[in-house]
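# Survey of secondary and tertiary structure
Listed here are the chains, written in short residue letters.
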Amino acid sequence: MSVAEWKKRCEAEWSLQGAPMPDSLDWKSVYDAKPFGRNLLRNPAPHGLSKDIPPPEPDLPEVPTRGPPRFQPDGDFSSWTTSTEVLPYDTSGIPTGVAVCGLPQYSWFSMEQVVDLKAEGLWEELLDDFQPEIVIQDWYEESQLHESIYQLHVKLLGADKSTMISEHTVNPTEDLSTYSHTWKEVSHVFSGYGPGVRFIHFQHRLKNKFMMEFYPTLFTGSSVMVRPTKST
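These figures come from a predicted structure and were not determined experimentally. For every chain, the first residue of the written sequence is number 1, and numbering continues from 1 along that sequence. With pLDDT at 70 or above as the cut-off, local features in this predicted model cover only qualifying residues; side-chain atom pairs require 80 or more to be listed or tallied, and sums for whole chains, interfaces and linings still use all residues. Heavy atoms throughout the structure, all of them, feed into the side-chain values; hydrogens and water do not.

What follows deals with the nonpolar core. Considering soluble globular proteins, one finds that nonpolar side chains tend to be buried as a cluster. For this analysis, a nonpolar core means a set of buried residues of the types Ala, Val, Leu, Ile, Met, Phe, Trp, Tyr and Cys, connected via side-chain atoms within 4.5 Å. With a 1.4 Å probe rolled over the protein chains alone, any residue whose accessible area is under 20% of its type maximum counts as buried; one over 50% counts as exposed, and the rest are partly exposed. If you look at the biggest cluster of nonpolar residues, it comprises 43 residues, and the most contacted ones within it are Leu117 and Ile134. In DSSP terms, a helix is any run of H or I states spanning at least four residues, a strand is any run of E spanning at least two, and both are numbered starting from the N terminus. The biggest single contributor to this core is strand E4 (residues 150-157), with four residues. Not counting the four nearest positions on each side in its chain, Ile134 is found in contact with Leu156, His188, Val189, Phe190, Tyr193, Ile200, Val224, Met225 and Val226. Working rule for contacts: check all heavy atoms of both residues, and any pair within 4.5 Å makes them a contact.

Pairing of side chains with opposite charge becomes possible as their charged atoms draw close. A carboxyl oxygen of Asp or Glu within 4 Å of a side-chain nitrogen of Lys or Arg is what we treat as a salt bridge. Evaluated as defined, the whole model comprises 12 salt bridges. As a salt-bridge pair, Lys7 and Asp23 come within 2.7 Å of each other at their nearest N and O atoms. One end of the pair, Lys7, is in helix H1 (residues 3-13); the other, Asp23, is in the loop between H1 and helix H2 (27-33), with 16 residues separating them in the sequence. Relative accessible area serves as the criterion here: at 60%, Asp23 is assigned to the exposed category. We note a salt bridge from Arg198 to Asp128, for which the minimum N-O separation is 2.9 Å. Here Arg198 is found in the loop between strand E6 (183-190) and strand E7 (199-211), whereas its partner Asp128 is found in helix H3 (residues 124-130), with 70 residues between them in sequence. Among the ionic contacts, a cluster of salt bridges with common partners joins Lys118, Glu124, Asp128 and Arg198.

Take a look at the structure:
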């Protein structure tokens, strides 16, 4: 097919009427990249879990045996940049002079990715003028380890990967008064974010606990998706 035919095919496939579509683009490459309606994050479920199946119950041994301290859950974290922050013991509720046999030790496990929007098939004129909606979604386990177990920070960045054009943060407080063990959804839609966006920095942190055994907070279904819908 000719360049004009590939361009027309892209316009029809993604309903891009009214969007800037310069003739200088390689429209076959854009069509092959399929930048709309797919998850732009790599390896969105490192634990091999699905949001459609309840998270696994903790595997508690009959007789706990204290192993070496551990601060990272099992999983294949390829495509993610990971880091761990071990938090100090919380002794605030312990009266002076009281002996304590053991305290839980908490840690944050952070995972982040950077999405290159142009490398994924989007083009500057579309990002700057049309500003298609950018949809963020994530699912984390209601582990009930602590009242704060999940944090999300998503930034829309300029071409230098450091200039922040827009951001969204989530830091929920968990209700520990009633036991519940499900997946909890977090979502956000960026729209009308302004020109210049070229990269998306996605980072979330999940809290783990170590006390004789390791207790993680799991996640699944992390997603960054671009919709061919003009920002309003």
